[in-house]
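The residues making up each chain are set out below.
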Amino acid sequence: MSDSDWPTADQPEEPAPPAPRRTAQPRVARRGPLIPTLIIVGVIVLLAASLAGLWTDILWFDSVGFSGVFTTTVLTRIVLGVLGFVLVAGLVFASLLIAYRQRPFFVPVTPSNEGLEQYREAIEPVRRVALFGIPAVLGILGALAASGQWRTYLAWRNQVPFGSTDAQFGRDLSFFVFTVPWLQAMIGFLTMSLIAAFLAAAFTHYVYGGLQLPGRGQSTRAAIAHLAVLGAVLALVRAGAYWVDRYALATKQSKLMTGIGYTDEHAVLPTKLILTVACVIVAGLFLAAIFTQSWRLPIIGVGLLVVTSVLVGGIYPAIIQSVRVNPSEKSLEARYLQRNIDATRMAYGLDGVEPQVYRAKTEASSGQLRNDSATVPGIRLVDPIVVAPTFRQLQALKNFYTFPDALDVDRYQIDGKESDIVIGVRELALGGIPGGPGNWLNDHTVYTHGFGLVAAYGNRRGVDGQPVFAVRNIPPTETLGKFEPRIYFGEQSPDYSIVGGLPGKAPRELDYPDDASPQGQANTTYAGSGGVPIGSFLRQAAYAVKYREFNFLLSDAVGSGSKILDHRTPLERVQRVAPWLTLDGNPYPAVVDGKVLWIVDGYTTTANYPYSALESLSTATSDSTTANVRSVTAIRAGQVNYVRNSVKATVDAYDGTVHLYAWDEADPLLRTWSRAYPGTVEPLSAISGSLMSHLRYPEDLFKIQRLVLSRYHVTDALSFYSKQDYWRVPDDPAQSDQKVFQPPYYLTLAMPGQPKPSFSLTTTFMPTGDRQVLSGFLAVDADAGSVAGQKAPGFGTLRLLELPRDSNIKGPGQVQNDINSSNDNSPGFSLTLSQFLNNNRQQGSRVTLGNLLTLPVGGGLLYVQPIYVSANTTSAYPLSRVTVAAFGDKLAWSDTLTGALDGLFGGTSGASPGDSDPGSGPTPPPSGSGDDAALAAALADMKKAFEEGQSALAKGDFTAYGEAQDRLKAALDKAIAAAPKGGSVTIPSTPPPTATS
């Protein structure tokens, strides 16, 4: 500083600059407690919901006596989940930790490493969280994947030998069904885990400079050793995958067949072995990199493995197939096709089918059905789908009762004679509650159950076209015996109901409408053993959380004696206690020992049976019934190539008790699952005789078998290859607007060579292509007998009639076309059949075509179809108006089956169907001159009863309508008795007016 820079006296010192003003710093807003609180509340809610679901499941399984099923399933899933979590999280965590700890302390300064430094700086603040968080997230995903394999594990762990070996490897079939799927699951899981660990290690080594890309420097010894070990283990796992893939070829699907073919045996199997050895070599090359400190050998090995898999595993088999097999496929594949045919027939239970050539007659002559007089009365005229609305209109009685949209067919001993019965349970319909659903007390504590069932004779019709009921009304008539009528567990039951008595209070549950009661209804309190007690606060709270309903805690309808009934449909209850079963889509009710039981058929299935053809369960079990009704569903369970009806299950409609009975005790899958869940399946000997009489051959199994048999009725490999004799299941001709399979039909009939009629399940076949003629008819003996613990000797026997290839027996489609266009007249009708149908379709009515039944009688094939007519209104219901019969090229129709058959066979068929209700129509008058006064009184009573019935019908009072019909019938009988000799009384055939609801 110079002197001039200092201030002098002449130059006064400048004042110091003012201090800078301190600006106010913005306050850092403190994070409020809202977000952490919401997170904590969310965690508590999720935890509470999970615990509530778990506890209520424990209570439910304990209430049905299947606690072991829940414990075994949950513990297995937990153990597998923990192992999966430990394996995946452990491998990824170890890879991240080792890679980080073995990072180089000095990273060479290169442009690429300078860029990575930014990543390292960004990662460092969250490194510790990532070190535990990434393995945890991947571990949870691994745990879920491992837990989902619990069925595969339990089947492998408890497997039972089949007792027969495959044709290629000589191993017991259980190896393919149980062991191979488990090995594939483990290999897939290990592959996923090792890839995750390898990627985590490679990423960490790369970010921290231990792993260098080719041409950018040398990787550290630690990085090479770490990745080389993981790569070697992954290569060995892939070697195991190639080895197991050899056995998986036994279930490989190709255009020609399922299983190993010529190319597979001579090209694919050797290449799988070559690739297995190649993977072992690649594993060695990875380990060699530890010593060479170079990735050259592993990269070469992986490259060669890829090339080998393409050349040897793909191109070489394709060449063999194109050059060697395709030119001579029929002869070269014959041996393998025969394996496929034999295995498929065995796996689907078709190995015992013996076809019979049936040269069907086409000319109808008088008395032709005389030899089938025992079969003809079994012709079912009541279509269980068409008459469902009739059941609802005539027997629902109240809007809050309903019937399923597809009724069921069963058989009962009535007056010492076995009769086919169409039956439906009168269930609760919450949608019909006065005022509609939405009132929690009504929906869950008052309207809790249905009441009774309704049954109609399958081969009878009333004079007015209505079904002839064997059981009807409330309380139900006792034609089938006395039984507990309350239906707490059914196909349409509410999600849950709260039942049980409250101390000091009157019964709350509506039992049934009762005109004798001051309130117009009878009330009840559930006294069954079913349900979960919810008298304590904790249990009420648990169910409140589960169903998101605080009324469990607030309502006075829930008290110390309360129970909750939930999981109430038969299918759901059986599926929960037997999660290893595939269930038939059509449970059916039966009156057994004073109870209404739901009977459910359970199947054991697999898609891993060697050489057997794969079939889609959804496709095989779909037909016009599953397409048009809600109560019968197709099986949605993927593809299978082995199926057995191994279990018959029952669900008590009153207390919900579930029983599982072994039906095919020799089935290895059933024996396997019985070991996995000991004590859950009761032996065949535990089935009572009364229950046995209602067990039948299951419909879905028959559908699967008929679809398989449409191809595999051909048992010669060379003929099978040509495909010229394949069949198809006919489309349902009654569904002209849909292209869906015709359903099989339950009938009582005697097949040619069968000594007496038997309750059977039937279907027809047509050739593939455009020909609409019949090629086959299949029936299975569906009657299990009535001896306790013992099936009837013929039960399950499949009888196949094959028509000669040059025959021209009309198929269902052609017969339906003949019916729709028939110009034949019938006695008592002034119109032709086509005019009758067209007129009823156009004049405010609706025509519904019933099931077109096919029966091998009279040396040929007889078709029978009931036709229903209803008013074209929402409240109308179908009434059977005419029945059509066809034989060969001839067709006849009448208002009764007797008339149609007599018209078809030249005035007399030789057999009596017995389709008119003996008590519902006129009978021949007695001899004598008659009583004019009595006749006049009877006619007056008839008129009065008829008018009262119409009035009741208009009001929707179907109970009063039924009583009026009874009085009308009694008056009719009196009028007939009083009529002069030769007189008759004619009842108009027009339907009564229908009530509007």
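Thresholds, definitions, all that
Residues numbered from 1 in each chain as written. Predicted model: local features only at pLDDT ≥ 70, side-chain atom pairs only at ≥ 80, totals over all residues. Heavy atoms only, no water. Buried < 20%, exposed > 50% of the residue type's maximum accessible area, 1.4 Å probe, protein only. Helix = DSSP H or I, 4+ residues; strand = E, 2+ residues; numbered from the N terminus. Pairing = 2+ DSSP bridges. Core = buried A, V, L, I, M, F, W, Y, C linked by side-chain atoms within 4.5 Å. Contact = heavy atoms within 4.5 Å. Axes fitted to C-alpha atoms, helices over the stretch in contact; angles between N-to-C directions. Parallel < 35°, antiparallel > 145°, perpendicular 65-115°, else oblique. Left-handed = near helix turned anticlockwise from the far one by under 90°. Nonpolar A, V, L, I, M, F, W, Y, C, P; charged D, E, K, R; others polar. Arc of directions from axis to C-beta. pLDDT = per-residue confidence, 0-100. Polar contact = N/O pair within 3.5 Å; in protein donor to acceptor, adjacent residues only side chain to side chain. Patch = residues over 30% accessible without salt bridge, like charges linked within 9 Å, V, L, I, M, F, W, Y side chains within 5 Å. Areas by Shrake-Rupley, 256 points an atom, 1.4 Å probe, with all protein chains shown as cover. Salt bridge = Lys/Arg side-chain N within 4 Å of Asp/Glu carboxyl O. Phe/Tyr/Trp six-rings, centres within 6.5 Å; stacked < 30°, edge-to-face > 60°.

Looking now at the pairing of strand E23 (residues 745–749). By the criterion of burial, E23 is predominantly enclosed, with 5 of the 5 residues buried. Neither face of E23 is exposed, since Tyr745, Leu747 and Leu749 on one face and Tyr746 and Thr748 on the opposite face are all buried. Pairing geometry for E23 and strand E24 (residues 758–767), over 5 bridges, is antiparallel. Looking at E24, one finds that Tyr746 is bridged to Leu761.

Residues Trp580, Leu660 and Leu695 are the most contacted members of the largest nonpolar core, which totals 137 residues. No other element matches helix H6 (residues 173–207), which puts 13 residues into this core. Leave out the neighbours within four places in its chain, and Leu660 touches Phe66, Val574, Val577, Ala578, Val647, Lys648, Ala649, Thr680, Val681 and Glu682. Residues Ile379, Leu801, Ile809 and Ile819 belong to the second largest nonpolar core, which totals 48 residues.

Packing of helix H7 (residues 221–248) against helix H8 (residues 262–292) leaves a shortest axis separation of 8 Å and a crossing angle of 170°. Considered as vectors, H7 and H8 are oriented roughly antiparallel to each other.

Once that is clear, we can look at the packing of helix H11 (residues 334–347) against helix H21 (residues 699–712). Interaxial distance between H11 and H21 falls to 11 Å at its minimum, and their mutual angle equals 155°. By the angle between their axes, H11 is roughly antiparallel relative to H21. As H11 packs across H21, the resulting crossing turns out to be left-handed. Here Asn340, Ile341, Thr344 and Arg345 of H11 come into contact with H21, specifically with Val708, Leu709 and Tyr712. Its residues assigned to classes, the contact of H11 with H21 comprises 4 nonpolar, 2 polar and 1 charged.

It is worth spelling out helix H24 (residues 833–842) at this point. Looking at H24, one finds that the buried residues are Leu833, Ser834, Phe836, Leu837 and Asn840. In an axial view of H24, the angular spread of the buried residues amounts to 160°, which keeps them on one side of the axis. Positive backbone phi, at 70°, marks Gly844, one or two positions downstream of H24.

Turning to the confidence of the model for the protein chain, a few remarks are in order. Looking at the protein chain as a whole, its pLDDT mean stands at 88, while 89% of the residues score no less than 70. Mean pLDDT per element in the protein chain: helix H27 (residues 958–978) is the minimum at 66, and strand E21 (residues 658–662) is the maximum at 98.

Quick look at the sheet that holds strand E7 (residues 453–457) now. The sheet built from 4 strands is open, its strands ordered E3-E4-E7-E8 with antiparallel pairing. Either end of the sheet is taken by a strand with one partner, and the two such strands are strand E3 (408–414) and strand E8 (469–471). Each adjacent strand pair in this sheet contributes to an overall mean axis angle of 40°, direction not counted. Sheet topology places strand E4 (residues 417–425) next to E7; 5 bridges connect them, and they run antiparallel. Directly across from Ile423, in E7, lies its bridge partner Ala455. Sitting on the sheet, helix H12 (residues 388–395) is in contact with E4, E7 and E8, with an inclination near 125° to E7.

Let's shift gears to the side chain of Asn645. Looking at where Asn645 falls in the secondary structure, it is placed in strand E20 (residues 642–652). Taking the relative accessible area as the measure of exposure, Asn645 reaches 7% and is therefore buried. Among the polar contacts made by the side chain of Asn645, one reaches the main-chain carbonyl oxygen of Gly602 at a distance of 3.2 Å. Polar side-chain contacts of Asn645 include one of 3.1 Å to the side chain of Lys648. Ignoring anything within four residues of it in the chain, the contact list for Asn645 reads Asp601, Gly602, Tyr603, Trp663, Asp664, Pro698 and Leu701.

Quick look at the sheet that holds strand E14 (residues 563–566) now. Here we have 3 strands laid out as an open sheet, ordered E10-E14-E13, and antiparallel in their pairing. Single-partner strands in this sheet number two, and they are strand E10 (496–499) and strand E13 (532–533). The sheet contact formed by E10 and E14 spans 4 bridges and is antiparallel. Across the sheet, Tyr496 pairs through a bridge with Asp566, a residue of E14. Lying on the sheet, helix H14 (residues 537–547) is in contact with E10, E13 and E14; it crosses E14 at an angle near 30°.

Judged by side-chain polarity, Leu47, Leu51, Leu54, Trp55, Ile58, Phe537, Leu538, Phe550, Leu553 and Leu554 come together as a nonpolar surface patch covering roughly 1,100 Å² of accessible area. Of all the secondary-structure elements, those providing two or more residues to the nonpolar patch are helix H1 (34–64), H14 and helix H15 (551–554). Broken down by element, the nonpolar patch gets its largest block of residues, 5 residues, from H1. Tracing the chain through its elements places Leu51 in helix H1.

This brings us to the packing of aromatic side chains. Scanning the entire structure with this criterion turns up 43 aromatic pairs. Taking 5.9 Å as the distance between ring centres and 55° as the angle between the ring planes, the aromatic pair formed by Tyr697 and Phe795 counts as tilted. Taken as a pair, Tyr697 in the loop between helix H20 (689–692) and H21 and Phe795 in the loop between strand E25 (776–781) and strand E26 (798–802) lie far apart in primary sequence, 98 residues in all. For the ring pair Phe829 and Trp893, a centre distance of 4.9 Å and an interplane angle of 45° mean the geometry is tilted. A residue pair is termed long-range when its members are at least 10 positions apart, and Phe829 in the loop between helix H23 (812–821) and H24 and Trp893 in strand E31 (residues 890–894) qualify at 64 residues. On the basis of relative accessibility, which here comes to 24%, the residue Phe829 falls in the partly exposed class.

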